[in-house]
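# Coordinate inspection notes
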Amino acid sequence: MAKQPGSNEPRDSAAATFETNVGAGGELHQIATGDGPTLTTQQGVAVADDQNSLRLGERGPTLLEDFHFREKIFHFDHERIPERVVHARGFGVHGTFTLDESLADYTTARMLTEVGEKTPMFVRFSTVAGNKGSFDLARDVRGFAVKFYTKDGNWDIVGNNIPVFFIQDAIKFPDLVHAAKQEPDRGFPQAQTAHDNFWDFISLTPEAMHMIMWIMSDRAIPRSFRFMEGFGVHSFRLIDAAGKGTYVKFHFKPKLGLQSVMWNEAVKINGADPDFHRRDLWDAINMGSPPAWDLGVQLFDDAFADSFDFDILDATKIIPEEQVPVKIIGSFVLDGLVDNFFAETEQVAFCTQNVVPGIGFTNDPLLQGRNFSYLDTQLKRLGSPNFTHIPINQPRGCPIHNFQQDGHMAMRNPVGRVNYEPNSWGGPRENPTAGYRHFAAEENGRKAQVRSPSFADHYSQARQFFLSQTEIERKHIGDALVFELSKCQRVDIRGKMVAHLRNIDEKLALTVATGLRLSSLPDPAPAAAAPIADLPPSDALSIVKRGPQSFEGRKLGILVSDGAPAKLVTALIKAVEKAKAVYEVVTPQIGGVELDDGTVIEGQQKIDGGPSVLYDAVAILLSADGATQLSIDKPAKDFASDAFAHAKFIGYSSDALPFLAKAGIAPEDMDEGLIAIGKPGDAADFIATCGQLRLWTRELKVDLDAQAFLEPLSA
Ligand code: HDE
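So, here's what we can say about the structure.

Moving on, we get to the packing of helix α2 (residues 173-180) against helix α3 (residues 196-203). Between α2 and α3, whose axes approach to 7 Å, the crossing angle comes to 145°. Contacts from D175, L176, A179 and A180 of α2 reach α3 at N197, F198 and F201. Among the residues making up the contact of α2 with α3, the classes are represented as five nonpolar, one polar and one charged.

See the structure below:
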């Protein structure tokens, strides 16, 4: 049987035992003993007693003389470093990139030219708005930050799972982040944009409208880090040996396909398992099923840039894949868990300025601003310009030689007499051939605080994104807008947003206005540039159109009772494993159940701890008695009714039918997503159907908001 989720063994399992000794004065000394090295102070002094501080008399005051106690508490007091202002909650893992196709015609970067070259990397996934202790399934952008330890030095692509951004100029970033995070007077809401300040700022920032379509779409509630795309967002530049530049956009495409959850599901997952995304990745890597992505590039030149409808320096725009195809050049596997979360995930310092020879920047004003911000932020967080000496930040593929010295926590000072350059002694020298050369761009113009007119169109690609979605994805965007704006207390902010939506799609605007019960439809917001209404839709923008059609990497929850049919349970488990998926057995008590052939199967979750929102599909295999017993149990009934409401596929044994009816799935509600598993042979068919992931047609029947979507009020 394959390894199942949560089965990670502790890395060091030496057990401790306690011994109680009686001292000369009759006092008690309790000492933990066991295998393992001697406990020491930071100075290397062996510790005799780690249970009791030094005190005068058995019940007397604690003495300052106890250097071990003071060192231990002092160190503890200073354990925290400032969390990231944004992207505070993250999860990092190691991996390896392998190049399949050379970009030697465009760049000198060895990582992108030496076919077969394997480059170690570290990736940190994150949410943006929530604090470090917030939940994983916030509606939010996900950070997808990558550090490649290349032979030419460290190269960071500090990307997101959404290819555009809210703003066009870095000077607006503090305002955006202030508006999105907790409101300053009350310190809430946490990890959510559903509040007045965020929507106030957005309603006054038309350039955000394309990004708003993306974050109101299911992209912002991904099922797993493993099923997310990543994007470098900006146009970067590849530079060849002759100094010629080619524009490039970076894409990461998950081999397992795209998948998201539903909003109602996300809300419940956050309660059931706030660590849902990190646990998912931890489990997948631990079980030996590491996720992988293709690395792709969109390459284009000045001629394309000049002919494109939008400015390629504007980070609120994409270049549709249909216009410039994504060329896959290699892939990466993320298969290494960190040894220590703080040392690696917390201390990793990504900087957009970290590029290697052959890779350069463009004038994207967001990128230019980021190049300042990331270095600056690392000094604040890590406290020293020597943050590059921390192992996770050190280059691995190349030597480091320079005359930078001293500072807090310097681990790597130049040796010898010389610490300046040029010098007559020796030591590191510049290398005009291999050294980094900035792209020699021709620049001229007026020095002024301006925004180029080529950045003025804020609605056309928002519309293109919306119209590229399937019907159900469009509904979800409408639902999300109604949900978020319903949390705004100021009615005028709701109206201002609908005014923007009118420039994107009239039906969407009407749906949202209906969902909010606006008394009248506001006029469209004034547009700085007339929107282009007929940009062709792009299938690459839809999650559903890029769905995997396979259950691989997904998780089945199997609810069983005492007396459940053993043959069906066994067949189902086999089918899950064959599909390279995983399962968890959910039982009334964690100790498990006895199946009808007498075998005992352990539960991985007790019903209340394993609600169906944690699974991609569920099977409910009960005996007749089990069905009767569970019919009074609310968590068990929620298991079934939530799976139904979340449009999941549900397999069931015939004896489970009365239970389903009690859970609110009446005989007349039965649809093709409810699949009888009557004999072992049905199990494989059920799992094959689960590959469709959801039965979206059901959603329209179980959601009142669908009415506003199906029949919005007319203007
Ligand atoms: Fe960031 N961003 N950002 N950002 N960003 C940070 O750096 C910033 C932007 C992104 O896992 C900070 O180390 C500015 C776009 C990721 O450690 C900070 C602007 C994109 C991460 C910062 C942006 C990102 C950060 C906070 C506007 C997608 C997490 C802590 C110009 C392409 C990296 C830190 C990790 C983190 C500044 C906009 C992605 C404050 C000024 C666009 C994935 O430096």
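In this section: the pairing of strand β10 (residues 292-300). Judged by how many residues are buried, β10 sits mostly within the fold: nine of nine residues are covered. The sheet contact formed by β10 and strand β11 (residues 327-337) spans six bridges and is antiparallel. By the bridge assignment for β11, D294 is matched with S331.

Turning our eyes to something else, we now look at the site of the ligand. Close to the ligand lie 22 residues; R84, R124, R370, S373 and Y374 are nearest. S373 is positioned such that a nitrogen or oxygen atom in its side chain is 3.1 Å from an oxygen atom of the ligand. One of the side-chain nitrogen or oxygen atoms of Q378 is found 3.2 Å away from an oxygen atom of the ligand. In a pocket analysis with a 2 Å cut-off to the grid points, the ligand is assigned to the second largest pocket. Elements that contribute at least two residues to the shell around the ligand include exactly β5 (142-150), β6 (153-160) and α9 (365-382). Ranked by residues supplied to the shell around the ligand, first place goes to α9 with six residues. A per-class count over the shell around the ligand returns eleven nonpolar, eight polar and three charged.

Bringing the pattern of salt bridges into the picture now. Inspection of the entire model under this criterion finds 43 salt bridges. A salt bridge links D156 to K147; the nearest nitrogen and oxygen atoms lie 3.0 Å apart. Judged on exposure class, the residue D156 and its partner K147 are both buried. The structure contains a network of salt bridges with shared partners spanning R89, D136, D273, D275, R278 and R279.

Glancing now at the nonpolar core. One finds F166, W199, I202, I212, M213, I215 and L481 to be the most contacted residues of the largest nonpolar core, which totals 54 residues. Of all the secondary structure elements, the ones that give two or more residues to this core are α2, α3, α4 (209-215), α10 (460-467), α11 (471-486), α12 (491-501) and α13 (506-516). For this core, the element with the highest residue contribution is α4, accounting for six residues. For F166, the contacting residues outside a window of four places in its chain are V141, L176, F198, I202, E207, A208, M211, I212, I215 and T316. Among the nonpolar cores identified, the runner-up in size contains 38 residues, and V146, F148, F236 and V248 belong to it.

Moving on to the coordination of the iron atom of the ligand. Looking at the protein side alone, the iron atom of the ligand has one donor only, Y374 (OH), at 1.8 Å. With respect to the helices and strands, the residue Y374 is situated in helix α9.

The full count for this structure, using the stated rule, is five cavities of 30 Å³ or more. Reported here for the largest cavity is a volume of approximately 160 Å³. Along the walls of the largest cavity sit 19 residues, with P163, F231, H251, I318 and I319 positioned nearest its centre. Its residues assigned to classes, the lining of the largest cavity comprises ten nonpolar, four polar and five charged. The computed volume of the second largest cavity comes to approximately 80 Å³. Along its surface, the second largest cavity is lined by N161, R219, P222, F227, M228, E229, L258, Q259, S260 and I543. Looking at the lining of the second largest cavity residue by residue, the classes come out as five nonpolar, three polar and two charged.

Attention now goes to the packing of aromatic side chains. Each pair of aromatic rings is reported with the distance of its centres and the angle of its planes. Under the criterion given, the structure shown has 23 aromatic pairs. Judged by centre distance (5.9 Å) and plane angle (65°), the ring pair of F97 and F148 falls under edge-to-face. Of this pair, F97 sits in strand β3 (residues 90-99) while F148 is found in strand β5, placing the two residues 51 residues apart along the sequence. Among the residues examined, F97 registers a relative accessible area of 0% and is labelled buried. Ring centres of F144 and F332 lie 6.4 Å apart, and the angle between their planes is 80°; this geometry places the pair in the edge-to-face category. Pair noted here: F144 is in strand β5 and F332 is in strand β11, with a separation of 188 residues, a long-range link. Of the two residues, F144 and F332, both sit in the buried class. Here a set of aromatic residues connected by ring pairs shows up, and it is made of F125, F144, F225, F252, W293 and F332. A cation sits over an aromatic face here: R139 above W263, 5.2 Å from the ring centre. Over the aromatic face of Y149 sits the side chain of R396, whose NZ or CZ is 3.7 Å from the ring centroid.

The rules behind the values
Residues numbered from 1 in each chain as written. Predicted model: local features only at pLDDT ≥ 70, side-chain atom pairs only at ≥ 80, totals over all residues. Heavy atoms only, no water. Axes fitted to C-alpha atoms, helices over the stretch in contact; angles between N-to-C directions. Helix = DSSP H or I, 4+ residues; strand = E, 2+ residues; numbered from the N terminus. Contact = heavy atoms within 4.5 Å. Nonpolar A, V, L, I, M, F, W, Y, C, P; charged D, E, K, R; others polar. Buried < 20%, exposed > 50% of the residue type's maximum accessible area, 1.4 Å probe, protein only. Pairing = 2+ DSSP bridges. Near = heavy atom within 4 Å. Polar contact = N/O pair within 3.5 Å; in protein donor to acceptor, adjacent residues only side chain to side chain. 1 Å grid on protein atoms, 1.4 Å probe; cavity = no way out; pocket = protein on both sides within 12 Å on 5 of 7 lines; lining within 4 Å. Sits in = over half its atoms within 2 Å of the grid points. Salt bridge = Lys/Arg side-chain N within 4 Å of Asp/Glu carboxyl O. Core = buried A, V, L, I, M, F, W, Y, C linked by side-chain atoms within 4.5 Å. Donors = N, O, S within 2.8 Å, 3.2 Å for Na, K, Ca; no water. Points joined across faces, edges and corners; volume = space filled by probe spheres on them. Phe/Tyr/Trp six-rings, centres within 6.5 Å; stacked < 30°, edge-to-face > 60°. Lys NZ or Arg CZ within 6 Å of the ring centre and 35° of its normal.

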